Amino acid sequence: MPQLTSLRLLYTSPFLSPFKSPFLSFSTISKSKSPLLNPPSFFTVLSSSSGRHPKLPRHPHHLRRRNISSFRGTNRRDKGMPTEETESGSVGFNKRRAEGRDKNDKPRNLQLKARKLNPVNTICYVQILGTGMDTQDTSSSVLLFFDKQRFIFNAGEGLQRFCTEHKIKLSKIDHIFLSRVCSETAGGLPGLLLTLAGMGDEGMSVNIWGPSDLKYLVDAMKSFIPNAAMIHTHSFGQAPGSNGAPVPDLKKFSDPIVLVDDEVVKISAILLRPSCLKRSETLTEEPNTLYPSEVGVERRRNHLQEQTLSHSAGEESQAGAMGKPGDISVIYVCELPEIKGRFDPQKAVALGLRAGPKYRELQLGKSVMSDRKNNMVHPSDVMGPSIPGPIVLLVDCPTESYLQDLLCLESLRSYYTGSSSNPLESAKTVNCVIHLSPASVVRSPNYQVWMKRFDAAQHIMAGHEMKNVEVPILKSSARIAARLNYLCPQFFPAPGFWSLQHLNHSIPESIASSEGSVIELCESVGAENLLKFHLRPYAQLGLDRSSIPSLSSPSEIIDELVSEIPEVVDAAQEVGQFWNDIGEAQRDIAPMHDDKVMIEEPWLNLNTLPGCLEDITREDMEIVLLGTGSSQPSKYRNVTSIYINLFSKGSLLLDCGEGTLGQLKRRYSVEGADNAVRGLRCIWISHIHADHHAGLARILTLRRDLLKGVPHEPLIVIGPRQLKRYLDAYQKLEDLDMQFLDCWHTSEVSLDAFECSFETNKEHSSESSASFEGENDTNTVKLTKLFAKGSRMQSYWKRPGSPVDHSVAFSILKNLKQVLSEAGLEALISFPVVHCPQAFGVVLKAAERINGVGKVIPGWKIVYSGDTRPCPELIEAARGATVLIHEATFEEGMVDEAIAKNHSTTNEAIEVGNSAGAYRIILTHFSQRYPKIPVFDDAHMHKTCIAFDLMSINAADLPVLPKVLPYLKLLFRDEMTVEELDDVISEGLAS
């Protein structure tokens with residue numbers, strides 16, 4: 001039992017919060033080997049304190065408006081909300097929510113928005129939404145805009161954040177179309193659906209369209225998205241047969257499928273599949289038709305097709321390869337109705353019509369009876385010649401293996417320029433072709449031949465182009481990053497896209513074929529963010545660059561900052577001086593004894609440094625906060641993800657919210673992020689809420705692709721049991737190349753049982769896994785009653801048919817032990833927390849190291865809370881932590897909301913760290929009501945820092961961390977809160 005000194009006073013004072021006391025001085029607790037403190041006594045004090053904090057001093061004048069706006073929802077708490085009652089009857093969290101039974105979390109009957117269409121649209125355009133342009137991590141999206149309707153093609157990661165940045169109203173979206181079903185094109189769909197479902201009082205839903213593979217994605221998302229949000233999903237085309245058998249009727253496979261056909265637009269889908277047929281079978285589908293645009297290239301085209309076919313035959317020789325889920329790609333054809341000719345009233349009078357309603361009927365295309373003559377008057381009698389409606393094609397040809405199918409598509413023949421089977425009177429002129437295909441495919445000879453069949457079209461290249469890498473798409477967050485980098489480059493390195501040298505972006509005007517002949521590239525324009533192509537009014541038909549954001553260089557942003565806050569120049573110099581002084585200070589600092597954990601506030605003794613930081617180098621460990629917001633991404637903060645960089649020993653991810661890969665690329669550049677993903681040792685997920693794992697599939701598929709052909713082990717993913725159901729379902733769509741381990745199997749009790757079996761060399765026997773399972777079950781009761789075996793918090797989500805396979809877990813634990821050892825880690829331990837069913841925090845403990853003189857240095861310890869209310873499990877896990885990363889969703893004045901949602905306030909997070917004796921506390925996971933900087937009390941921040949996106953904290957810099965906070969506040973002294981979350985909700989209500 002730990003020896004308590006001077007701590008009893010805290011519990012007897014009715015005026016003080018149990019974790020902060022000005023009277024504490026140099027009290028310590030001996031390092032405890034017990035898994036927990038006595039749960040009733042400690043948790044009673046903790047939970048009872050949550051709503052009884054003394055009043056804080058009034059916020060400074062520049063924060064008063066923020067404080068008022070933050071209290072807007074203080075009384076939303078459900079009066080009937082059941083809260084946990086411990087043995088002493090104290091209240092501290094929402095028990096129903098923790099057990100997954102909160103009625104406020106139950107899905108509503110979401111409805112599609114009923115909109116009155118406007119057949120005579122005054123405005124219509126397609127617009128490039130540049131998601132992924134600067135990071136190349138996801139497919140760009142395309143917006144088809146009408147007066148009363150919006151259509152989006154592809155919803156990759158970051159789409160929601162992009163729309164928030166550029167004020168594109170999500171509530172106006174009616175249909176989402178996927179050109180392929182994979183993480184690259186659909187990674188942003190889960191977050192988007194959840195946001196729409198939460199809009200207003202009733203929520204919203206949208207139509208989602210995709211090829212037959214869409215069913216696999218929907219099945220996977222059911223693990224964490226209510227069915228009501230996905231009832232309007234529509235898959236089209238023939239599904240692959242069992243065991244991936246090929247589609248039987250190949251001709252029918254490529255027939256156009258009409259998805260939307262109303263008075264505003266007709267949208268059809270044409271399916272593409274990778275070539276897997278023998279040459280003789282494929283050539284029967286290619287008629288011997290030569291188009292005028294291809295005169296002079298016929299022989300070369302045939303030769304190139306033969307090359308493609310032989311190449312495809314080698315790559316896709318296995319039967320049924322084209323029937324694999326995820327292989328189907330889609331060409332979307334958007335056709336607007338023709339523009340009726342001008343009505344001629346003189347002709348109408350001559351045909352015996354009186355001015356009146358019949359004029360309107362004729363303009364709508366209906367025949368009417370003449371008023372003065374006994375004959376029918378037809379629209380063609382009184383209307384001028386019609387103008388054909390504009391046509392837009394969106395083409396996604398992901399690899400060259402799809403090219404043969406693209407060249408042979410019979411269903412596109414009527415859209416080709418000058419086709420002999422396309423009489424002039426029925427010609428369909430394509431006005432714009434948007435190419436989502438990658439540059440490597442677009443510049444291939446076969447693709448160029450195909451493009452030239454649309455001579456009259458404007459070709460827009462929306463695949464990944466290197467010229468876009470230096471242009472940040474999210475300008476607001478890039479601006480904040482540049483300002484932070486100026487003030488403190490040590491914690492805020494220059495973003496990857498600004499650290500690049502100017503690349504050679506010149507595009508060749510021609511390419512060489514395999515025969516040595518030269519093929520001229522088809523005329524085209526590169527896509528830029530928010531580039532438009534107008535379709536209506538007809539007089540404006542063509543490109544419009546007026547919405548493309550201007551590029552702001554870092555120097556321009558800094559000049560603006562210095563003009564706005566002149567004091568920042570001196571502040572930056574003072575911050576830089578901290579690093580000049582750190583060497584001298586560390587020479588005078590005495591390390592703490594490893595067997596003691598400090599209870600008093602350590603800043604009272606500045607000459608105390610944790611032993612684990614003695615002689616530490618900059619190549620030991622770095623914490624990179626990739627996302628620091630909660631719930632949904634905002635302009636300034638992405639959702640949660642933490643990258644633990646162990647440099648030459650690899651890396652780990654703690655949580656992996658949507659856009660994690662994009663954030664890695666913004667921090668390390670495109671190539672640097674690829675190296676980071678290659679070096680991942682493990683990914684740990686705290687709980688099933690989408691803002692903590694929606695970016696996982698994209699990271700895993702990229703790693704799979706990067707390591708293709710290289711000997712490697714599947715990546716270990718540790719998470720709650722529900723996450724396994726999602727990943728298992730998703731793997732039917734894409735191979736994720738991973739091994740899954742339940743968080744419970746990495747708890748202290750389970751790991752002790754595993755080590756016992758491992759040490760006694762029983763891991764290869766059948767008794768081993770049984771012993772492992774039995775010990776786990778027996779020792780789980782060491783946890784508090786809240787997490788005891790059989791409680792809803794532990795087993796609410798465990799359903800028949802999904803038992804935990806302990807023998808498989810045992811094998812993966814052996815792999816994990818080896819992986820951690822290679823990464824220089826002694827342990828990764830999960831522990832339960834109070835948020836939702838199967839919610840966890842995690843401890844990372846580094847192995848001991850030996851310094852230059854042979855002294856043994858203890859390893860550092862990082863603790864991450866996940867989402868939680870303060871609880872004894874977290875406090876015990878964080879005992880003596882070098883760094884505690886704690887969620888701080890709400891400000892101190894919003895304790896009621898924190899309890900209702902099972903989150904923590906800033907002060908509660910700091911109190912947990914102080915109680916556990918953590919050396920440094922990093923606050924993260926802020927509500928999006930605080931878009932730039934959260935509200936906090938300066939009096940309690942002496943060993944604490946506020947996290948910002950892309951903040952990088954090296955272990956060697958931890959002594960300096962709290963000193964930087966006052967200077968960070970200087971950057972935001974004049975900022976007023978803009979509640980983006982409320983903007984989204986009000987937008988839904990307004991729609």
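Participant: Before we move on, can you summarise the overall build of the protein with the specific residues and values?
Facilitator: Broken down by element type, the protein carries 33 helices and 42 strands. Put simply, the protein has 991 residues, and 59% of those count as buried. By sequence separation, contacts in the protein at least 24 residues apart represent 72% of the contacts at least 6 residues apart. Just so you have it, the protein exposes about 40600 Å², and 51% of that area is on carbon and sulfur atoms.

Participant: Could you give me a rundown of the packing of aromatic side chains, with the residues and numbers involved?
Facilitator: In this description, a pair of aromatic rings is defined by centroid distance and the angle of the planes. Scanning the model with the defined rule gives 22 aromatic pairs in all. On the numbers, 5.0 Å between centres and 70 degrees between planes, the contact of W450 with F454 is edge-to-face. On the basis of an interplanar angle of 65 degrees and a centroid distance of 5.8 Å, the ring pair of Y643 and Y668 is categorised as edge-to-face. Taken together, the positions of Y643 in strand 29 (residues 641–645) and Y668 in helix 22 (residues 660–678) put the pair 25 residues apart, joining distant regions of the chain. For Y643, a relative accessible area of 4% puts it in the buried group. Three or more aromatic residues link up through ring pairs in this structure, and these residues are F146, F151, F153, F177, W209, F236 and Y332. Cation over ring: R667 sits above Y668, and NZ or CZ is 4.4 Å from the ring centre.

Participant: Mind laying out the sheet that holds strand 33 (residues 738–742), listing which residues take part and the relevant values?
Facilitator: Taken in spatial order, the seven strands of this open sheet run 33-32-31-30-29-28-42, and their pairing is mixed. The open sheet terminates on both sides in strands that have one partner only, identified here as strand 33 and strand 42 (951–954). Each neighbouring strand pair of the sheet contributes to a mean axis angle of 20 degrees, computed without reference to strand direction. Packing of helix 24 (residues 721–730) onto the sheet brings it into contact with strand 32 (715–719) and strand 33, and relative to strand 33 it is tilted by some 155 degrees.

Participant: Which residues make up the pattern of salt bridges, and what are the values?
Facilitator: With the rule as written, the count across this model stands at 25 salt bridges. The shortest N-O distance in the salt bridge between K428 and E335 comes to 3.8 Å. Taken together, the positions of K428 in the loop between helix 15 (403–408) and strand 18 (432–435) and E335 in strand 14 (residues 329–335) put the pair 93 residues apart, joining distant regions of the chain. D705 is the salt-bridge partner of R704, the closest N and O atoms lying 2.9 Å from each other. Here R704 falls in the buried class, since its relative accessible area comes to 18%.

Participant: Hey, could you go over the state of the cysteines for me, with residue numbers and the actual values?
Facilitator: The full count for this structure, using the stated rule, is zero disulfides. The thiol sulfur of C743 is not disulfide-bonded, and the nearest other cysteine sulfur, from C682, lies at 9.5 Å. Among the residues examined, C743 registers a relative accessible area of 0% and is labelled buried.

Participant: Quick rundown of the environment of T889? Include the residues and the values.
Facilitator: Note on placement: T889 falls in the loop between strand 39 (883–887) and helix 30 (895–901). The class for T889 is buried, based on a relative accessible area of 3%. Distance from T889 to S630, taken between C-alpha atoms, is 7.0 Å for residues 259 residues apart in sequence. Not counting the four nearest positions on each side in its chain, T889 is found in contact with S630, H903, S904, H925, F926, S927 and Y930. Side chain to side chain, T889 and E887 meet in a polar contact 2.8 Å long.

Participant: Tell me about the pairing of strand 11 (residues 233–236), and please be specific about residues and values.
Facilitator: The pairing of strand 10 (residues 207–211) with strand 11 spans four bridges and is classified as parallel. Note that in strand 11 the partner of G210 across the bridge is S235.

What counts as what
- Here, residues in each chain are numbered from 1, in the same order as that chain's written sequence.
- Local features in a predicted model are, by the rule used here, given only for residues with pLDDT of at least 70; side-chain atom pairs are given and counted only at 80 or more, and totals for whole chains, interfaces and linings are based on all residues.
- Side-chain metrics rest on all non-hydrogen atoms present in the structure, leaving aside hydrogens and water.
- Every helix listed is a DSSP run of H or I at least four residues long, and every strand listed is a run of E at least two residues long, numbered separately from the N terminus.
- In this scheme, a residue with accessible area under 20% of its type's maximum is buried, one over 50% is exposed, and one in between is partly exposed, where area comes from a 1.4 Å probe on protein chains only.
- Note on definitions: a residue-residue contact is assigned when non-hydrogen atoms from the two residues lie within 4.5 Å.
- All accessible-area figures derive from a Shrake-Rupley calculation using a 1.4 Å probe, and residue coverage is judged against the displayed protein chains alone.
- Only Phe, Tyr and Trp rings take part, Trp by its six-membered ring, and two of them pair if their centres are within 6.5 Å. Stacked means planes under 30 degrees apart, edge-to-face means over 60, and tilted covers everything else.
- Consider the ring centre and the ring normal. A charge sits over the ring if Lys NZ or Arg CZ is within 6 Å of that centre and within 35 degrees of that normal.
- When DSSP finds two or more bridges between a pair of strands, those strands are recorded as paired.
- For helices, the fitted axis covers only the stretch in contact; all axes are lines through C-alpha atoms, and the angles between them, taken along N-to-C directions, range from 0 to 180 degrees.
- Note on definitions: salt bridges are taken to be side-chain nitrogens of Lys or Arg within 4 Å of carboxyl oxygens of Asp or Glu.
- Our working definition of a disulfide is a cysteine sulfur pair at a distance within 2.5 Å.
- Pairs of N or O atoms within 3.5 Å make up the polar contacts considered here, provided that, within protein, one atom can donate a hydrogen while the other can accept it, and that residues adjacent in sequence are counted only when both atoms are side-chain atoms.

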